[in-house]
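What follows is the residue order along each chain.
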Amino acid sequence: MSFVFPTEESIPLPYRIRPIHQKKYLLGGEILEWTGESQTVKSPIFLNRSGNLEQVILGSYPSFDETQSLKALEAAVKAYNHGTGVWPTSTPMDRIRAVNHFISLMKEKRDQIILLLMWEIGKTEKDATKEFDRTIEYLEDTVNALLDLESNSSKYITQSGLIAQIKRSPYGVVLCMGPFNYPLNETFCTLIPAILMGNTVVFKPAKYGVLLLEPLLECFQKAFPPGVINTVYGDGAKVISPIMESGKIDVFAFIGSSQTANLITKKHPKLNRLRSVLGLNAKNPAIILPDTDLKTMIPEILAGSLSYNGQRCTALKILFVHKDILDEFTQLYLEEFSKWKAGMPWDKDVNFTPLPEEGKTKWLKELLDDAIDHGAKILNPGGGEITESFLFPAILSPVSPKARLYTEEQFGPLVPIVPFTSIEEPLDYIIQSNMGQQASIFGEDPNTVGKLIDILVNQVARVNWNAQCQRGPDAFPFSGRKDSADGTLSVTDALRVFSLRTVVSLKDTEKGRNLLEEVLKTNSSHYLSKEFHL
Ligand code: G3H
């Protein structure tokens, strides 16, 4: 089952890549050249050079120091200018025009970004393409959602002797940090709504998947006024700490581990001022009931547990399988699993690829060995075999509650199976878990499943019946309980989390109405809707 990394010559021409040594960064509307230290970017892909495996160096990006990262913050603070800057006082239509301009520029970078997604984070071509296209669709839907929001909130209301308009206004400066597994999509799911609502942003790309954002710097620069978006690169502890300690961040938008989120949040000196939008750890379970239609559901369960090598926060990270169907389940799961291929991101129909995180295969091996020490067996041939950054997926059963894999989020290609007899076992697991993002139930009896749904809706934020856990469609609210999330994201929710419902009201008297009409006639307020309909 040995994994084969390619030789340079065997890579098809359209997928070859030249190193990118990024010096550019965006600050206060200017694209500047960084002359300080840089951070080397290694690909998860190794090349076979005369029998030796050598990790591909994709290039480098700037490694900012504290002074430089504070410049990015100051540029965002200046552009917001206590809410009086050009961007926060512009109309939603002006902002929509700018975002549409950005989308059209971004579309031109499609092929370049997809290729970099493949090389930087090992995403298959199919998934990398999906990530790009889904992001464009998300941005277009977000623009439409804002148009709806505007038309719904443009009406004036009268109540208790007052005329009022209730619309949404920005919070201020947003610190935006995305995850490495969706370095484009999930980052933009917070970045663009934040901008669209009139905030200004300090943006730090994820640890992996930095270079793929470089082609977009000039798009940001062309589409938005100076300072609306400012980029920061480098070691999080060094560059993010001073930004947070300044107390000038109003919203912290972060997708990643709860540990990192806590470390960063705690640095803010005025916590009551800080809003947070966090997508954090998850250990989503699947409960596979004895009457599950296994033949139909196995491909869904396999995709839920192992697509993108299990590196999705929504992945099914533990499978509770009823003992009555355990043998049939494992046989069918293994059969379906054997159809999935390992290879390079550009290989046709490939599923399993090398992992981008440094040291990840070693860490996963520790989890796997610990599960074996606690009685689990690897069910698939070659499971757990490591070749540099590649770990062949391991399907493990029975995983004991004492094993680390039972509770720790693996975020990788390990599939723990836990056989159960009483439904109380998985339910107790879910209740005791520190995480509460989603759960999947597989089964055919509406009575049994109906009762389980009632229990699970108070434990997690989404219950999936005969379906894997997932974020999409992006119109659905994406959230979590316990340590899994703070706030809700979706096309419409993201607009809400980055803005505050703000009321303008005046006495509903003849004088009040005349004054309001005068303001609208003379166009003295951008904020108030022009149409004064009651
Ligand atoms: O990694 C976490 C993502 O939010 C998962 O999104 O379910 O669309 O793959 P997805």
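Structural notes, computed from the coordinates.

A few words now on the sheet that holds strand β8 (residues 173-177). In spatial order, the strands read β10-β9-β8-β11-β12-β26; together these six strands make up an open sheet with mixed pairing. The two strands at the open ends of the sheet, each matched to only one other strand, are β10 (229-231) and β26 (485-486). Both strand β11 (residues 251-255) and strand β12 (residues 275-279) contribute to a ladder of five bridges, which runs parallel. Following the sheet pairing, Phe-252 is matched in β12 by Ser-276. Where helix α1 (residues 66-80) meets the sheet, it contacts β8, β9 (200-204) and β10, and its direction lies at approximately 160 degrees from that of β9. Contacts from helix α7 (residues 236-245) reach β8, β9 and β11 within the one sheet, and its direction differs from that of β9 by about 160 degrees.

Here the second largest pocket is characterised by a volume of approximately 830 Å³. In terms of lining, the second largest pocket is formed by 35 residues, of which the most central are Asp-127, Lys-130, Tyr-182, Ser-307 and Arg-312. Sorting the residues of the lining of the second largest pocket by element identifies α4 (125-153) and β16 (350-352) as the ones contributing at least two each. Ranked by the residues each element gives to the lining of the second largest pocket, the list is headed by α4, at nine residues. Among the residues forming the lining of the second largest pocket, the class breakdown is twelve nonpolar, seven polar and 16 charged. Mapping the lining of the second largest pocket onto the domain boundaries places at least three of its residues in each of domain 1 (26-32 + 61-279) and domain 2 (284-474).

It is worth spelling out the state of the cysteines at this point. Taken as a whole and judged by the stated rule, the model has zero disulfides. Of the cysteine sulfurs around Cys-189, a residue in no disulfide, the closest is that of Cys-176, at 9.9 Å.

Take the nonpolar core next. Within the largest apolar cluster, 134 residues are counted, with the highest numbers of intra-cluster contacts made by Phe-188, Phe-224 and Leu-319. Counting contributing residues, this core receives three or more from each of domain 1 (26-32 + 61-279) and domain 2 (284-474). Other than its neighbours up to four places away in sequence, Phe-224 contacts Trp-87, Ala-98, Val-99, Phe-102, Ile-195 and Ile-229. Membership of the second largest hydrophobic core comes to 29 residues, among which are Leu-367, Ala-371, Ala-394 and Leu-456.

What counts as what
- Note that residues are indexed from 1 along each chain, following the sequence as it is written.
- Only residues with pLDDT of at least 70 are given local features in this predicted model, and only at 80 or more are side-chain atom pairs given and counted; all residues enter the totals for whole chains, interfaces and linings.
- With hydrogens and water excluded, all non-hydrogen atoms of the structure serve as input to the side-chain values.
- Pairing between strands is defined by DSSP: at least two bridges between the two strands are required.
- Secondary structure elements are defined from DSSP: runs of H or I of at least 4 residues count as helices, runs of E of at least 2 residues count as strands, and each element is numbered from the N terminus.
- Residue contacts are counted whenever heavy atoms from the two residues lie within 4.5 Å of one another.
- Here an axis means a line fitted to C-alpha atoms, over the contact stretch when the element is a helix, while the angle between two N-to-C directions is reported on a 0 to 180 degree scale.
- Cavities and pockets were defined on a 1 Å grid built over protein atoms only: a cavity is a set of grid points that admits a 1.4 Å probe from which the probe cannot escape, a pocket is an open set flanked by protein on both sides within 12 Å along at least five of seven lines, and lining residues are those with an atom within 4 Å of any such point.
- Grid points are joined across faces, edges and corners, and a volume is the space filled by probe spheres set on the points.
- Each residue is assigned to one of three groups, with Ala, Val, Leu, Ile, Met, Phe, Trp, Tyr, Cys and Pro labelled nonpolar, Asp, Glu, Lys and Arg labelled charged, and all others, Gly among them, labelled polar.
- Residue ranges for the domains trace back to a domain assignment, done automatically or taken from a database.
- The disulfide definition used here is simple: a pair of cysteine sulfur atoms within 2.5 Å.
- Definition used in this section: a nonpolar core is a set of buried Ala, Val, Leu, Ile, Met, Phe, Trp, Tyr and Cys residues joined via side-chain atoms within 4.5 Å.
- Residue burial is assigned from relative accessible area. The probe radius is 1.4 Å, only protein chains are included, and a residue is buried under 20% of its type maximum, exposed over 50%, and partly exposed in between.

The values reported here are purely geometric and, on their own, carry no functional implication.
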